[in-house]
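If you want the building blocks of each chain, they are given just below.
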Amino acid sequence: MQLSFRGHDLVLDPSGALFWPRHRLLAVADLHLEKGAAFARRGSLLPPYDTHATLARLEGLVRSLAPETVVSLGDGFHDREGPDTLSPDLFDRLSALTRAVRWIWITGNHDPLLPLALGGAALSELVLDGLVFRHQPAAASGIAGHLHPKARVWSRGRLLCRPCFTADDDRLVLPAFGSFSGGLNVLDPAVSALYPRGFSAYLLGDARVFRFPHAVLAPEPGSSLRRH
Amino acid sequence: MLEVAQEGRDALLIAPTGGGKTLGGFLPSLIELTECGSSGRLHTLYISPLKALTNDIARNLLRPVAEMGLTLRIETRTGDTPQNRRRRQREHPPDLLLTTPESLALLLSYPEAVPYFASLRCVVLDELHALAASKRGALLSLVLARLRRLAPQARFVGLSATVADPPQLARYLSPTPERVAVIAGGAGAEPEVRILVPEGPMPWAGHVALYAAPAIMREIGAARLALVFVNTRAQAELIFGALWRHNPANLPIGLHHGSLDVEQRRRIEAAMAAGALRAVVATASLDLGIDWGDVDLVLQVGAPKGIARLLQRIGRANHRLDEPSRAVLVPGNRFELLECLAAREALHARELDGGGIAPGGLDVLAQHVAGVACSGPFDADTLYAEVRTAAPFAALSRRDFDDVLDLVATGGYALRTYERYRRIERRDDGLWHLCDPRLARQHRMNVGTIVEAPVMRVRLGRKRLGEIEETFVAWLEPGDTFLFAGQLLRFEGIRDNEAIVSPAKDRSEPKVPTWAGSRYPLSTELAGRVRRILAAPATWRYLPAPVREWLEAQARHAVLPQAGELLVETFPRRGRHYLVAYSFAGYKAHQTLGMLLTRRMERRKLRPLGFVASDYCIAVWGLEPVDDVAALFDVDILGEDLEAWMAESSLIKRTFRNCAVVAGLIQRRHPGAEKTGRQVTFGADLIYDVLRKYEPDHVLLRAARAEAATGLTDIRRLADLLVAVEGRIRHVRLPRISPFAVAIIAGIGRELVAGDVLDQSLDEAVAELVAEAMAD
């Protein structure tokens, strides 16, 4: 789906990635690589395929969109141990990616100091053509991740729950791209407070993105939030 | 009983309620303890499915023991037992410990379990019929297998209501069932069962029988204390409301179901015991064990669905063996009336339906293996042999066992990346050891096989009314009204994770909370009897006139389903083409069949639009007529189509989540501990999707598929049916809707939240259907 954001033409991809054709820039938020391993360390032996799955989707996008630049919008790894638990083949796949393009790690709250061997450049913010890419959304305009937005809508008598982008004229938040990344309902104040004048949610469908205005979204059951 | 005890044999005591069987189970232990005195070690273990029952039995035992002047320690241990008392019980065991399967599994996970249970002489299992066939029963069977090894001298005594297949229960009780003494108590007087038939027209659809409220009130008025049983909590709310609307004498009537707040339930139970109530509307929450008061009449509203359950419920009335229990069945619609008749015949013939004991789930086994590891190092071969002595796991293959061992150790993934996070490992002594003692605490937080759907408390002012499912709350808007705890409530919003409500004034169309999985399956035996009634017009003269006329009309306008065939009707109606199959396989099997049929019709470009299922039949409709019915119902529908549907369905995802929790892969959400701060949820769906993609044959996916297939969707029953009728599908093309089809088509659109609120007999749409069907 095309989105005109602060005068720039951006593409919201149903994978949850953002593509900026003019700069051939692909942005993905919250990969949370090695989240399965982080849980396993604490005794919950989740399937060890999350990093495979996330990288496979990312490799597919890089093949099909042929970006020059890939920006990981923070929380690339789930925790500090992440880079160390990567198996050799995953390490190789990831560093092949970071070398195939200009790769930028925006540093997030979960991100460790990344080993040089992984490749890519670490930045706290990237500014391009006046658009600011950062990890945590801010009152100032910009493109960010961190919140893992998801939204619930009624569709043909069923309540659907999907990850989504959220945007108003100034602030765009990407959904989490990682395979094991959960979501936060966009009616939670952590998201909605960012948009005092309301926002649209762009829900990820199987093959396309669907836009819904803030007013039709359903709250999370069990939350103290209602639509205003 | 005493003789059997002296021989040291296991025993299965089968008696209807009121036979005094619980005391019978304890008697040998009490005598032995009287003779030998307390040894300061555990002598007898009592296990029941309900906490409340455990407490009740303890009270009933303490009194005679005190009167006899015995100095025995009798204690309960359930989820409600405080930590300090649990610790004391571990250090200083009582003579008699009364507990639940989950608490026992927990107790067995401590290293001191071996000396603790070594002295055990007797294990009493109460309400065994209610436990054995369930997932909890699978876990309990493993726990019992372990107890047998820790205490080889102990006797096992099972107490059960009358069941269809006593040998099967004997096998559950003991790996050497031929050594079990099966003691059948007197059958008791045959119950007096009446069927309430409306004076006016008999409803075509619905299960709540709201039409019968005045008649039910008359029955209540003539009884001392009546129990009004219904099948679901939603029905309980509806019929309770309806009874109060027809209660000019203000007879005190209470409501009791599992989602009401404990305080509310305790109040009702106390009022029953004190004789302060005339009737209680109840679900399965009052099925078992405890006798609260002097019940002299049982009403079953809605079809009974199973003969054994009906018998158990009827047994709640009149606990004296020499007098018959009195019961009234209140059918909700025409097919239900036939089912009530069938049930009465079955009771008369003393025929019961038996739920078979299904193979135990691999997720349950994983939990048990983890529990064993927490209690101390174990040898895999010995444990495998021990597990196979449990009936549900008798056919467990070594490959499945090893896969489960691997699941507990490393998650069981083909990609061996979790070696360094092993939970259990095989050491040089050849035994499996727990790697980190902290894992034992994590395991103990997770014991049990019941994974509840997320619920939310309902608060009215300062009072807690109970809990409703979160998915229902998600449907509510502030200002919506709904029926709960017998009151009409207005939803105000959510505060501090509770649904805040106020009394509602507007009575228009309240919603009724529904609870997932609360529907009972129609038993095969009962379905068979209904079919036999349909196929034997000679027996119809005993039927109430409206129902007899309905059957005769079906014979005239269409045909009646005969034994050994599947009747399928097709007819056009208002631009749609309908197909109705009378397969009598139960609601769940029909739901599955509906999904499969519409999938298949879509592929054949028959443009299906929807389907509706009941216990008796399934109706599908679309834009194109179905010509080749036999091909549509081909047995291979259960092959690829089923696989494809299962993989995508929310059912399998929910089942997978439960299996993952039971197996300890995902930690249970504990009330109060969850949802602090930001609510980032990380669903089991994501895990399911990834696992299915990368390791479709993983042991947990196998466990989830097996559970979904046998337990939840009754696939086997569907398969049996389709195989049985292969080549004998009777396709009848009709010019218009048949009298039987009205009963299902009238139910379309009623499966919504409001369910049965409408009075079906007055519904204009139904009247129109009936007119069409009966036109000559």
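Keep in mind the model is a prediction, meaning the values are calculated, not measured. (Residues numbered from 1 in each chain as written. Chains lettered and ligands numbered in written order. Predicted model: local features only at pLDDT ≥ 70, side-chain atom pairs only at ≥ 80, totals over all residues.)

1. Points about the overall build of chain B
Okay, step 1: Broken down by element type, chain B carries 30 helices and 25 strands.
Okay, step 2: For chain B, the residues scored as buried account for 49% of the 776 residues in total. (Helix = DSSP H or I, 4+ residues; strand = E, 2+ residues; numbered from the N terminus. Buried ≥ 20, exposed ≤ 12 C-beta atoms within 10 Å, placed from the backbone.)

2. Some thoughts on the overall build of chain A
Okay, step 1: Helix and strand counts for chain A come out as five helices and 16 strands.
Okay, step 2: In summary, chain A has a C-alpha radius of gyration of 17 Å against a globular reference of 17 Å for 228 residues, a match within 12%.
Okay, step 3: For chain A, the spread of C-alpha atoms along the three principal axes comes to 50 × 45 × 30 Å.
Okay, step 4: Across chain A, the fraction of contacts at a sequence separation of at least 24, relative to all contacts at a separation of at least 6, is 66%. (Rg over C-alpha atoms; globule rule 2.2 N^0.38 Å. Contact = placed C-beta atoms within 7 Å.)

3. What to know about the nonpolar core
Okay, step 1: With 245 residues, the main nonpolar core has Val228, Ile239 and Ala619 of chain B as its most contacted residues.
Okay, step 2: Among the elements that make up this core, the one with the highest residue count is helix α15 (residues 362-375) of chain B (nine residues).
Okay, step 3: When sequence neighbours within four positions are dropped, the list of residues in contact with Ala619 of chain B reads Tyr578, Leu579, Val580, Phe611, Val612, Ala741, Ile744 and Ile745 of chain B.
Okay, step 4: Among the nonpolar cores identified, the runner-up in size contains 47 residues, and Ala17, Leu31, Ala176 and Tyr202 of chain A belong to it. (Core = buried A, V, L, I, M, F, W, Y, C linked by C-beta atoms within 7 Å.)

4. Side note on the pairing of strand β13 (residues 326-330) of chain B
All names here are of chain B.
Okay, step 1: Most of β13 is tucked away: five of the five residues are buried.
Okay, step 2: Judged by which residues are buried, β13 turns out to be covered on both faces: Arg326, Val328 and Val330 on one side and Ala327 and Leu329 on the other are all buried.
Okay, step 3: Relative to β13, strand β8 (residues 192-195) runs parallel, the two being bridged by four bridges. The residue of β13 that forms the bridge with Arg194 is Val328.
Okay, step 4: In terms of strand pairing, strand β12 (residues 297-301) meets β13 through four bridges, oriented parallel. Pairing of Val298 across the sheet is with Ala327, part of β13. (Pairing = 2+ DSSP bridges.)

5. Brief notes about the sheet that holds strand β1 (residues 2-5) of chain A
Pairing between sheet strands relies on hydrogen bonds along the backbone, with the strands arranged either parallel or antiparallel.
Residues and elements named next belong to chain A.
Okay, step 1: Reading across the sheet, the seven strands line up as β1-β2-β3-β4-β5-β6-β7 and stay open at both edges, with mixed pairing between neighbours. Strands with a single pairing partner mark the edges of an open sheet, and in this sheet they are β1 and β7 (121-123). Between one strand axis and the next, the sheet turns through 25° on average, direction left out of account.
Okay, step 2: Bridge count between strand β4 (residues 25-28) and strand β5 (residues 69-72): four bridges; the pairing is parallel. Following the sheet pairing, Val28 is matched in β5 by Ser72. (Axes fitted to C-alpha atoms, helices over the stretch in contact; angles between N-to-C directions.)

6. Quick look at the packing of helix α13 (residues 307-314) of chain B against helix α14 (residues 334-348) of chain B
Residue and element names in this part refer to chain B.
Okay, step 1: Two numbers describe how α13 lies on α14: the axes approach to 10 Å, and their chain directions differ by 75°. If you check the angle between α13 and α14, you find them roughly perpendicular. Contacts from Ile307, Leu310 and Leu311 in α13 reach Ala343, Ala346 and Leu347 in α14.
Okay, step 2: Of the residues assigned to the contact of α13 with α14, the class counts are six nonpolar, no polar and no charged. (Parallel < 35°, antiparallel > 145°, perpendicular 65-115°, else oblique. Nonpolar A, V, L, I, M, F, W, Y, C, P; charged D, E, K, R; others polar.)

7. Section: the sheet that holds β13 of chain B
Residues and elements named next belong to chain B.
Okay, step 1: If you trace the six strands from one edge of the open sheet to the other, you get β8-β13-β12-β9-β11-β10, paired in parallel fashion. If you trace the sheet from one side to the other, it starts and ends with β8 and β10 (253-256), each paired once. Pairs of neighbouring strands in the sheet enclose a mean axial angle of 20°, with direction left out of account.
Okay, step 2: Across the sheet, helix α11 (residues 233-245) lies against β9 (226-229), β10, β11 (279-282) and β12, angled at about 155° from β11, the strand it touches most.

8. So, the confidence of the model for chain B
Residue and element names in this part refer to chain B.
Okay, step 1: When pLDDT is averaged along chain B, the result is 85; 89% of the residues meet or exceed 70.
Okay, step 2: No element of chain B has a lower mean pLDDT than helix α24 (residues 640-648), at 68, and none a higher one than helix α16 (residues 380-387), at 98.
Okay, step 3: For the stretch residues 671-681, pLDDT sits under 50, and the model shows 17 contacts to residues farther than four places along the chain or on other chains.
Okay, step 4: Scored below 50 in pLDDT, residues 750-762 makes 33 contacts in the model with residues more than four places away or belonging to other chains.
Okay, step 5: Interface predicted TM-score (ipTM) for the complex: 0.86; the corresponding pTM is 0.82. (pLDDT = per-residue confidence, 0-100.)

9. Let's talk about the environment of Ala308 of chain B
Residues and elements named next belong to chain B.
Okay, step 1: With respect to the helices and strands, Ala308 occurs in helix α13.
Okay, step 2: The buried category is assigned to Ala308, around which 21 C-beta atoms lie within 10 Å.
Okay, step 3: Separated by 147 residues in sequence, Ala308 and Ala161 have C-alpha atoms that sit 8.6 Å apart.

10. What about helix α3 (residues 51-67) of chain B?
Residues and elements named next belong to chain B.
Okay, step 1: With 17 residues, α3 ought to run about 24 Å at 1.5 Å a step, and its terminal C-alpha atoms sit 25 Å apart, in line with that.
Okay, step 2: Buried residues belonging to α3 abut α2 (21-36), β2 (44-47), β3 (74-77) and β4 (96-99).
Okay, step 3: Immediately downstream of α3, the backbone of Gly69 shows phi near 75°, a positive value. (Expected span 1.5 Å × (residues − 1).)

11. A look at the environment of Gly302 of chain B
All names here are of chain B.
Okay, step 1: Counting through the fold element by element, Gly302 comes out in the loop between β12 and α13.
Okay, step 2: You can call Gly302 buried: it has 25 C-beta atoms within 10 Å.
Okay, step 3: Distance from Gly302 to Leu489, taken between C-alpha atoms, is 25 Å for residues 187 residues apart in sequence.
Okay, step 4: Not counting chain neighbours up to four residues away, the residues in contact with Gly302 comprise His207, Val208, Ala209, Val230, Asn231, Gln235, Gly332 and Glu336.

12. Considering the pairing of strand β16 (residues 209-213) of chain A
Residue and element names in this part refer to chain A.
Okay, step 1: Bridge count between strand β15 (residues 200-204) and β16: five bridges; the pairing is antiparallel. The residue bridging Ser200 from the neighbouring strand is Pro213, located in β16.
Okay, step 2: The loop that links β15 with its antiparallel partner β16 comprises four residues.

13. Focus on the environment of Pro49 of chain B
Okay, step 1: One can find Pro49 of chain B in the loop between β2 and α3.
Okay, step 2: Residues in contact with Pro49 of chain B, not counting those within four places in the same chain, are Thr100, Glu127, Ala130, Leu131 and Leu288 of chain B.

14. Focus on unusual backbone geometry
Okay, step 1: Although it is not a glycine, Asp129 of chain A sits at a positive phi angle of roughly 55°.
Okay, step 2: Its location among the elements puts Asp129 of chain A in the loop between β8 (126-128) and β9 (131-133).
Okay, step 3: Asp129 of chain A gets classed as exposed once you count the C-beta atoms within 10 Å, which come to 11.
Okay, step 4: In this model, Lys605 of chain B sits at a positive phi of 60°, which is unusual for a non-glycine residue.
Okay, step 5: Note on placement: Lys605 of chain B falls in the loop between α22 (587-603) and β23 (608-613).

15. A few points about the packing of α15 of chain B against helix α17 (residues 398-410) of chain B
Residue and element names in this part refer to chain B.
Okay, step 1: Running from N to C, α15 and α17 cross one another at 60°; their axes reach a closest spacing of 9 Å. With respect to α17, the element α15 is oriented oblique. Of the two possible hands of crossing, α15 and α17 adopt the one that is right-handed. On α17, the residues that touch Leu362, Leu365, Ala366, Val369, Ala370 and Ala373 of α15 are Asp400, Val404, Leu405, Leu407 and Val408.
Okay, step 2: Of the residues that constitute the contact of α15 with α17, the class distribution is ten nonpolar, no polar and one charged. (Left-handed = near helix turned anticlockwise from the far one by under 90°.)

16. A few points about helix α12 (residues 262-273) of chain B
An α-helical segment advances 3.6 residues per turn. Residues three or four places apart therefore align on the same side.
All names here are of chain B.
Okay, step 1: Taking 1.5 Å per residue as the helical rise, α12 with its twelve residues ought to reach 16 Å, and the 16 Å between its terminal C-alpha atoms agrees with that figure.
Okay, step 2: Buried within α12 are the following residues: Gln264, Arg265, Ile268, Glu269 and Met272. For α12, the angular spread of buried residues about the axis comes to 135°, placing them on one side. For α12, the exposed residues lying more than 90 degrees away from the buried face are Val262, Glu263 and Arg266. (Arc of directions from axis to C-beta.)

17. Remarks on the confidence of the model for chain A
Okay, step 1: Looking at chain A as a whole, its pLDDT mean stands at 89, while 93% of the residues score no less than 70.
Okay, step 2: Within the model, the stretch residues 222-228 of chain A combines pLDDT values under 50 with 23 contacts to residues more than four positions away or in other chains.

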